[in-house]
Amino acid sequence: MNAPLDLATTPGIAGNFGVVAGQEPVLTARNVSITYEVEPPVHAVRNVSLTLHRGEILGLAGESGCGKSTLAYGVNQLLKPPALMRSGDVIFHDQSGKDIDVVGLKGDALRAFRWDKISMVFQGAMNSLNPVITVRSQLFDVFTTHRPGMSKKEKEERSSELLRQVGVDPSRLDSFAHQLSGGMRQRVMIAMALALNPQVMIMDEPTTALDVVVQRGILRELMRLRETFGFAVIFITHDLPLLLEISDRIAVMLRGEIVELNTAANIYANPQHEYTQRLLGSFPSLTGDRGAFIRTGEAI
Amino acid sequence: MADEDIRESLIAVQATGAGTADAVAIDESTAVTAPDRASRFIRAVRFVRRSPKFALGAGIVLAIVLFAIFGPMLTQNPKFSGNEALQPPSTDHWLGTTGLGYDMLAQLAYGARGSLIIGVVVAAIAVSLSVLFGVVGGYLGGWTDEILSLITNIMLVIPGLPLIIVISGYMDGRTVWFVAFVLGLTAWAGSAVVLRLQARSLRNRDYVAAARVSGEKAFRIVFVEIMPNLLPLFAAQFLFAMVFAILGEAGLSYLGLGATGSITWGTILNDAQVGMALTRDAWWWFVPPGVLIALVGGGLSLINFSIDEIINPKLRAAPAAVKSVRKARKTVLKDDHAGTAGTTVKVDA
Amino acid sequence: MKNLEVKHVVKDFRLAGGRGKKFRAVDDVSFTLEPGKTIALVGESGSGKSTVARMIAKLEVPTSGDIMLDGKASATRGRALDSYRHDVQMVFQDPFASLNPFHTIRHHLERPLRLHGKAKTTAEVDEQVAHLLERVNLTPASTVALRRPHELSGGQRQRVAIARALAPGARFLIADEPVSMLDVSIRLSVLNLLARLQREDNLGVLYITHDLATARHFSDEIMVMFKGKVVERGPSDEVIMNPQHEYTKLLLSAAPNPENQGKLRAEVLAEMNLGEQASDRDRFGTRGM
């Protein structure tokens, strides 16, 4: 918690990108294997190990079907049948110093853990927000479930504060999901994810459906919030240029395995795995030389 | 909804054909490998075979249909009144005789024929009308749609059975076809509303726009591009209309407003009521037709439920998925006990 | 004068609810599409770029303005429309939605072939279908033709959609975000395929996209649309490297760029040090978008 705040007061350190202060782990996944139990079984995640450090943004890059979302859902115990985590450990290193075995959590303990320690932001905000109740009721629900002691006034204050933090006018508390634009919905989702001050936020393609300008606003907000609150982020997307811009480290997934994991700078400057190179090559440079990307019209 | 479809299909790709899907994502190999020759239809048939609901429903309906086809060939004339009246079941008359001395089994067999014919005719009329008013209106939109849906809504709010009673009351000689026509006329509106909404949603699909850009005419778009995707819905509506018709006809006949001179399960019940079967303890007179009506209704509904599961895969996929995971978890636990797991290697940098 | 000319096209949509309230989706857009040339129409969702595409494809009727083919005003119905469709075809954004799940690939190609008189007998259809599939690199064509859309990957489906658009022998192709729904690693190959077909058939292509980078690399000219209007146009490199309009600059600055590694974080930190709360980056009112 302290390290990122220190960063905030020493802007010079921002140039030292990719190196995360402390390198203290907040979430460790070891040898995670997840299978879709269908005929024949599909091994969506194969023996993946991953360490998330406190306060870092870890990009999880890959294309559809590579298992990146399955992995993220798995570490938060959100898998639905027919997906099943067949093996592996997920350890959450709480700020209090206590280690929590996430895989072993069940029932109430799991419900109390989820959202409080690890929260999620999903791609389809329209589907993730309840269409028939207001933003206020949805935020209140979070507090009622996880902070039963809070008074109504406290909830109201905290909800307004959360919306302000994500750049949405608190008057929007009375709105329903359909009254909000796509970008605002996603901001509200982030506010809900922030509600309990989680130490880890998993974001599954949070900006894929949005326009670039709106996306830029949300990314900026995310960066700011990360500096303020020091949570770690697992940012899942297929948009490698975006990850290169915002992540500290990037893991590239292919066929259920992490084929390359390195700092964003290294991935960009010196990609090792052939697939990473291929992925990088799939994004023509906006302002660079036309070089290899001039339309060739060649047979592929 | 569309989003969900895509998601569903993506998950399906992940879950079912991941081998090929992966290869494609990585290498987009242009050669198509691993043929999946099973068409949609064959997969539906395969599913249906495994579904106990469908098997039971189809079994019941098939048995009754066979009874309706072959029963009348094996029994005596249902209007032969030379038998002794009101006999309980015996070896001569397996289901006894009615108050007028008719053989119950013969009555029942001819009644099955009458009831099923009415069911099929009504269902055909209802589905045709709902296609006309629903699909055509939904696709064309504009004034055509306004007028067609106005008529649909009027038909929807007119209470069906009272209307039939009123119409039937005015007609003296009522043929089976007339009754079927009246029932058909009141049975389509609900289906048309559903079809109209479906057609409106399909109309905005890109493949319909693509067909228009290709130069396809509206008529062909409705019948070749849109309708096939509604087939499961038609099947469900057909069966539903059949149940409605058989029950409706039984109700009409019981009230004495059925087809004159014909035999259906409804007319048998009407005869039983007029002949005071209940007070005379002649249970064999009214129980068999009642049971058959219930059976055919139940059987058709069971088939309908299994069609629902084809239309909406979630209804069957979720329980099946839970089951497979439970099974897999057991085997994982077994492995754990055997001590194969437990080695942890930190690969991470 | 062989070209497709869009002249002062306007499209108003009536808003649901409000009586007579109108929303101007496209406001006075003009451009000329020439054989062998690609124009990229760049904009965000709601900018009206897809409406322009749908008007050219005759799926929407312009409120005012003309679409001229080879100098002649185009029809909206009847036989004249058929002959317009013969020359102007469209590739849709979502290959999962633009192919009918019920029909085989062959059906999708057979219909336009027959409708536009390219093939009459079954043997002709077979031959033409195979030829089209080979042109978009879907081989073996005889196997692919018998498949249904769900058996193909997204990229393969989009190739089928491209083949379908080529089937009538089109001279102008409207490609509405043809690769945005595809996996990133295959996008360039599909765009390159389009470029090859363009060269082979001397096609005029309108490439509609929100992606400035591919717009730059795959088109000769870029038009930037914002709220129904074309706010900037010019040769692609010129628009990207030397943008004039504020909105183009905004779009360019918002596009993810690996070169800007760490820049966003540095900016945010600097801002926080200054104690700025709400930044004034909201020049176009997009904050609420």
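All of these numbers come straight from a predicted model, not from anything done at the bench.

Considerations on the overall build of chain A
The number of helices and strands found in chain A is 11 helices and 10 strands. Looking at chain A residue by residue over its 300 residues, the buried ones come to 51%. Across chain A, every contact between residues at least 6 apart in sequence was considered, and the portion connecting residues at least 24 apart equals 68%.

Looking at the pairing of strand S6 (residues 88–91) of chain C
Residue and element names in this part refer to chain C. Of the two faces of S6, the one lined by Val88 and Met90 and the one lined by Gln89 and Val91 are each fully buried. As judged from the four bridges shared by S6 and strand S7 (residues 172–176), these two strands associate in the parallel manner. In the strand pairing of S7, Val88 is matched with Phe172.

Topic: the domain arrangement of chain A
How big an interface is tends to be reported as the loss of accessible area on association of its parts. Residues and elements named next belong to chain A. Its domain assignment divides chain A into domain 1 (1–13 + 24–117 + 200–280) and domain 2 (126–197). One C-alpha centre belongs to domain 1, the other to domain 2, and the line joining them spans 24 Å. Contacts between the two partners involve 14 residues from domain 1 and, on the opposite side, 13 residues from domain 2. Ranked by residue count, the leading element in the side of domain 1 that touches domain 2 is helix H8 (residues 212–229), at six residues. Looking at side-chain class alone, the side of domain 1 that touches domain 2 contains 10 nonpolar, two polar and two charged residues.

Digging into the interface of chain C and chain A
With 46 residues of chain C at the interface, the matching set in chain A holds 51 residues. Every element with two or more residues in the side of chain C that touches chain A is listed here: helix H7 (184–201), helix H8 (212–218), helix H9 (236–241), helix H10 (246–254) and helix H11 (263–274) of chain C. No other element matches the 11 residues that H7(C) contributes to the side of chain C that touches chain A. Residue classes in the side of chain C that touches chain A are distributed as 23 nonpolar, 15 polar and eight charged.

Let's talk about the UniProt feature "domain: ABC transmembrane type-1" (unreviewed entry) in chain B
Per the UniProt record, the feature "domain: ABC transmembrane type-1" (unreviewed entry) sits at residues 116–304 of chain B. With 81% helix and 0% strand, the stretch residues 116–304 of chain B has end C-alpha atoms that lie 17 Å from each other.

Notes on the sheet that holds strand S5 (residues 99–101) of chain A
Residues and elements named next belong to chain A. Strand order in the open sheet formed by four strands is S2-S1-S4-S5, with antiparallel pairing between adjacent strands. Unpaired on one side and paired on the other, strand S2 (42–53) and S5 mark the two borders of the sheet. In this sheet, adjacent strand axes meet at a mean angle of 5° when their direction is disregarded. Judged from the three bridges that link them, strand S4 (residues 83–93) and S5 form a sheet pairing that is antiparallel. Directly across from His93, in S5, lies its bridge partner Asp99. Sheet strands in contact with helix H2 (residues 68–75) are strand S1 (25–36), S2 and S4, and its direction is about 120° off that of S1.

Some points on the sheet that holds strand S9 (residues 249–254) of chain A
Each strand in a sheet pairs with another by means of backbone hydrogen bonds, the pair being arranged parallel or else antiparallel. All names here are of chain A. Taken together, six strands build an open sheet; the order of strands is S6-S7-S8-S3-S9-S10 and the sheet is mixed. Looking at strand neighbours, the two that pair on one side only are strand S6 (118–121) and strand S10 (257–263), the edges of this open sheet. Strand after strand, the sheet turns through a mean of 20° between neighbouring axes, direction not considered. Bridging between S6 and strand S7 (residues 200–204) involves four bridges; their strand directions are parallel. Within S7, the residue paired with Met120 across the bridge is Ile202. Its contacts with the sheet place H2 against strand S3 (57–61), S7, strand S8 (232–237) and S9, and it is angled at close to 150° to S8.

A look at the UniProt feature "transmembrane region" (unreviewed entry) in chain B
Residues and elements named next belong to chain B. UniProt's entry tags residues 54–74, 116–140, 147–170, 176–197, 218–247 and 283–307 with the feature "transmembrane region" (unreviewed entry), counted in the numbering of this structure. Secondary structure across residues 54–74 divides into 100% helix and 0% strand, with the first and last C-alpha atoms of the span separated by 29 Å. Annotated as residues 283–307, this span is 100% helix and 0% strand, and its ends, taken at the C-alpha atoms, are 36 Å apart.

Digging into the pairing of strand S9 (residues 221–226) of chain C
Residue and element names in this part refer to chain C. Of all six residues that make up S9, six are buried, and the element is covered over most of its length. The two faces of S9 match: Glu221, Met223 and Met225 on one face and Ile222, Val224 and Phe226 on the other face are all buried. Across four bridges, the pairing between strand S3 (residues 38–42) and S9 is parallel. Across the sheet, the residue bridging to Val42 is Val224, located in S9.

Examining the environment of Pro82(A)
Mapped onto the elements of the fold, Pro82(A) is located in the loop between H2 and S4. Taking the C-alpha atoms as reference points, Pro82(A) and Pro41(A), separated by 41 residues in sequence, lie 9.5 Å from one another.

Examining H2(A)
For an α-helix, 3.6 residues make a turn, and residues three or four places apart therefore share a direction. Residue and element names in this part refer to chain A. Among the eight residues in H2, eight count as buried, and that is most of the element. Of all the residues in H2, the buried ones are Lys68, Ser69, Thr70, Leu71, Ala72, Tyr73, Gly74 and Val75. Gln77 occupies a position one or two residues after H2 and carries a positive phi of about 55°.

A look at the confidence of the model for chain B
Residue and element names in this part refer to chain B. Looking at chain B, pLDDT values average 76 and 78% of them are 70 or higher. Within chain B, helix H10 (residues 206–214) carries the highest mean pLDDT (91), whereas helix H2 (residues 18–27) carries the lowest (32). Low pLDDT, under 50, characterises residues 1–38; the stretch is placed with 47 contacts to residues that sit more than four places away or in other chains. A low-confidence stretch, residues 337–349 stays under pLDDT 50, and its non-local contacts, those more than four residues away or across chains, total 15 contacts.

What to know about unusual backbone geometry
Residue and element names in this part refer to chain C. Residue Pro140 follows Thr139 across a cis peptide bond; omega there is -5°. With respect to the helices, strands and loops of the structure, Pro140 is situated in the loop between helix H4 (122–135) and helix H5 (141–145). The backbone phi angle of His8 is positive, close to 45°, even though this residue is not glycine. Using a count of 12 C-beta atoms within 10 Å as the deciding quantity, one classes His8 as exposed. In the Ramachandran plot, Asn202 falls in the positive-phi region, its phi being about 55° despite a non-glycine side chain. Take Asn202: it is sitting in the loop between H7 and strand S8 (204–209).

Notes on the packing of H8(A) against H10(C)
At a minimum axis distance of 8 Å, the contact between H8(A) and H10(C) shows a crossing angle of 50°. Comparing the axis directions of H8(A) and H10(C) gives the class oblique. The way H8(A) lies across H10(C) gives a crossing that is left-handed. Residues Val212(A), Val213(A), Gln215(A) and Arg216(A) of H8(A) touch H10(C), and the partners they reach there are Leu250(C), Leu251(C) and Ala254(C). Looking at the contact of H8(A) with H10(C), its residues break down into five nonpolar, one polar and one charged.

The rules behind these values
Residues numbered from 1 in each chain as written. Chains lettered and ligands numbered in written order. Predicted model: local features only at pLDDT ≥ 70, side-chain atom pairs only at ≥ 80, totals over all residues. Helix = DSSP H or I, 4+ residues; strand = E, 2+ residues; numbered from the N terminus. Buried ≥ 20, exposed ≤ 12 C-beta atoms within 10 Å, placed from the backbone. Contact = placed C-beta atoms within 7 Å. Pairing = 2+ DSSP bridges. Domains from an automatic or database assignment. Nonpolar A, V, L, I, M, F, W, Y, C, P; charged D, E, K, R; others polar. UniProt positions renumbered as here; feature names shortened; annotations may be inferred. Axes fitted to C-alpha atoms, helices over the stretch in contact; angles between N-to-C directions. pLDDT = per-residue confidence, 0-100. Parallel < 35°, antiparallel > 145°, perpendicular 65-115°, else oblique. Left-handed = near helix turned anticlockwise from the far one by under 90°.

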